[in-house]
Amino acid sequence: MDNTEGVKERDLESLTFEELTEAVVKCGEKPYRAAQIFSHVHAHAAASYEELNNLPKSLRTSLSELYPFAAPKTEALQVSRLDGTRKYLFRFADGASVESVRMSYHHGHTVCISSQVGCRMGCLFCASTLNGLVRNLTAGEMLAQIYAVIRDGGERISNVVVMGCGEPMDNYDELVRFIRLLTDMRGQALSIRSITVSTCGVVPGIRKLAAEDLPVNLALSLHAPNDEIRKTIMPSARKWALHEILAAMREYYESNRRRLTFEYSLIKGVNDSEECADELARLLNGYNALVNLIPVNPVTERGLKEPSREQVIRFQKKLEKHGIHVTIRREMGRDIDGACGQLRQRSELNG
Ligand code: SAH
């Protein structure tokens, strides 16, 4: 689906400052009105035209007909009793729903957003993909998730990770527009270094991003030390081989000098052996890499289990012995449908 054509069909949050200025002028107003609107929408997370109360009513009326707000309704909110993680189910005007999560760390709040409704990548362990791709999200719909979280919590956000439902590189143009808007000095002005994009390894997307002047942190969902195992859990591995993906990651590193993250979901009996750890260390030898180990969040539909804590530690130790930096992802919100797509999945199944 292409939602990048024609500015007319855009939501308000998706408009760049320049597009907004053009729209305001077309409505017969002075260009400075665009600065007011942009600040309301992006710096102050406004969600409706009623909130733009320093604008003439006529401008609000004409703009609202052309560019409705993307701002979703909060359909469900779960708050973890363990660590305060807040998991949202948002619903957009067309009925499409996505998940977003706010995690709180000592250094601030991180929001994990979705980039698509559903996903077509088909990873075996991921709940987002169970019903395939429904549609892409617009840049505005990606921003609107963050703004809804800001409104709800009443606090600033310090980091954004594009690791919710969907494959961001499968929605490339909107992803880039989203990053530019989120870092715009007239809006949230988030530092580009506070944004992380995670991909299952869509080579053309990684290479295109390497050529943009957008040094976000890049994370690769690796999950296996070789193509053979990878193909059994990630269908995209049949399209892009590891050597091509790693070459693209290296290209990204060369142009942005950002340390690369490799995510590795440990699945019992599939990719958690010590041989896998050795092979992984060989594969990443020479990269400025951080390996993020994630004991797989069990998805009952697929019957995949996480290894024991001891096995996870053994895997970590082995990698460290080879000089690889490793973190074990703190399991946030385990009591509230932690894994990607689980909340949405449950809500859709329940009607
Ligand atoms: N499509 C992108 C981003 C979304 S998934 C990507 O593949 O990177 C975000 C991360 O969560 C990915 O590393 C994904 O592989 C992982 N993930 C998905 N389901 C999971 C599960 N059940 N347990 C652990 N990690 C999971």
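Residues numbered from 1 in each chain as written. Predicted model: local features only at pLDDT ≥ 70, side-chain atom pairs only at ≥ 80, totals over all residues. Heavy atoms only, no water.

A. Representation of the confidence of the model for the protein chain. Scored by pLDDT, the protein chain comes out at a mean of 92, with 93% of its residues at no less than 70. pLDDT under 50 marks residues 1-8. Its contacts with residues more than four places away, or in other chains, come to 15 contacts. (pLDDT = per-residue confidence, 0-100. Contact = heavy atoms within 4.5 Å.)

B. Quick peek at the packing of helix α1 (residues 17-26) against helix α2 (residues 32-43). Across the interface, α1 lies against α2 with an axial gap of 8 Å and an inter-helix angle of 125°. Between α1 and α2, the angle is such that the two are oblique. Handedness of the crossing formed by α1 with α2: right-handed. Note on element contacts: α2 touches α1 through Arg33, Ala34, Ala35, Ile37 and Phe38, opposite Phe17, Leu20, Thr21 and Val24. When grouped by side-chain class, the residues that make up the contact of α1 with α2 number seven nonpolar, one polar and one charged. (Axes fitted to C-alpha atoms, helices over the stretch in contact; angles between N-to-C directions. Helix = DSSP H or I, 4+ residues; strand = E, 2+ residues; numbered from the N terminus. Parallel < 35°, antiparallel > 145°, perpendicular 65-115°, else oblique. Left-handed = near helix turned anticlockwise from the far one by under 90°. Nonpolar A, V, L, I, M, F, W, Y, C, P; charged D, E, K, R; others polar.)

C. Region of interest: helix α4 (residues 139-153). Spanning 15 residues, α4 covers 22 Å between terminal C-alpha atoms, matching the ideal 21 Å at 1.5 Å per step. Of all 15 residues that make up α4, twelve are buried, and the element is covered over most of its length. The complete set of buried residues in α4 reads Ala139, Gly140, Glu141, Met142, Leu143, Ala144, Gln145, Ile146, Tyr147, Ala148, Val149 and Ile150. Glycine 154, located one to two residues past α4, shows a positive phi value of around 65°. (Expected span 1.5 Å × (residues − 1). Buried < 20%, exposed > 50% of the residue type's maximum accessible area, 1.4 Å probe, protein only.)

D. Broad picture of the side chain of arginine 230. Topologically, arginine 230 is positioned in helix α7 (residues 227-233). Buried charge without a salt bridge: arginine 230, with aspartate 227 as the nearest opposite-charge side chain at an N-O distance of 5.3 Å. Within polar-contact distance, the side chain of arginine 230 engages the backbone oxygen of leucine 222 at 2.9 Å. The residues touching arginine 230, leaving out its near neighbours within four places in the chain, are Cys200, Leu220, Ser221, Leu222, Ala224, Ala237, Trp240, Leu242 and Ile245. (Lys, Arg positive; Asp, Glu negative; His and termini not counted. Salt bridge = Lys/Arg side-chain N within 4 Å of Asp/Glu carboxyl O. Polar contact = N/O pair within 3.5 Å; in protein donor to acceptor, adjacent residues only side chain to side chain.)

E. Structural detail: the site of the ligand. Contacts to the ligand come from 20 residues, most closely from Phe125, Ser198, Ser221, His223 and Asn297. One of the side-chain N or O atoms of serine 198 is found 2.6 Å from an oxygen atom in the ligand. Separating a nitrogen atom of the ligand from a side-chain N or O atom of serine 265 is a distance of 3.1 Å. Residue assignment for the shell around the ligand shows that the elements contributing at least two residues are β8 (195-199) and β10 (260-266). Tallied by class, residues from the shell around the ligand come to ten nonpolar, eight polar and two charged. (Near = heavy atom within 4 Å.)

F. Broad picture of the pairing of strand β2 (residues 86-91). Burial analysis of β2 places five of its six residues in the buried class, which makes it a mostly covered element. As paired elements, strand β1 (residues 73-79) and β2 share six bridges and run antiparallel to each other. What sits directly across from alanine 76, in β2, is leucine 89. With antiparallel pairing between neighbouring strands as the criterion, β1 and β2 make up a hairpin whose turn holds six residues, including glycine 84 at a positive phi of roughly 80°. The sheet contact formed by β2 and strand β3 (residues 97-105) spans six bridges and is antiparallel. When the bridges of β3 are listed, arginine 91 appears paired with serine 97. Hairpin geometry of β2 and β3 is characterised by an intervening segment of five residues between the two adjacent antiparallel strands and by a positive phi of about 95° at glycine 95. (Pairing = 2+ DSSP bridges.)

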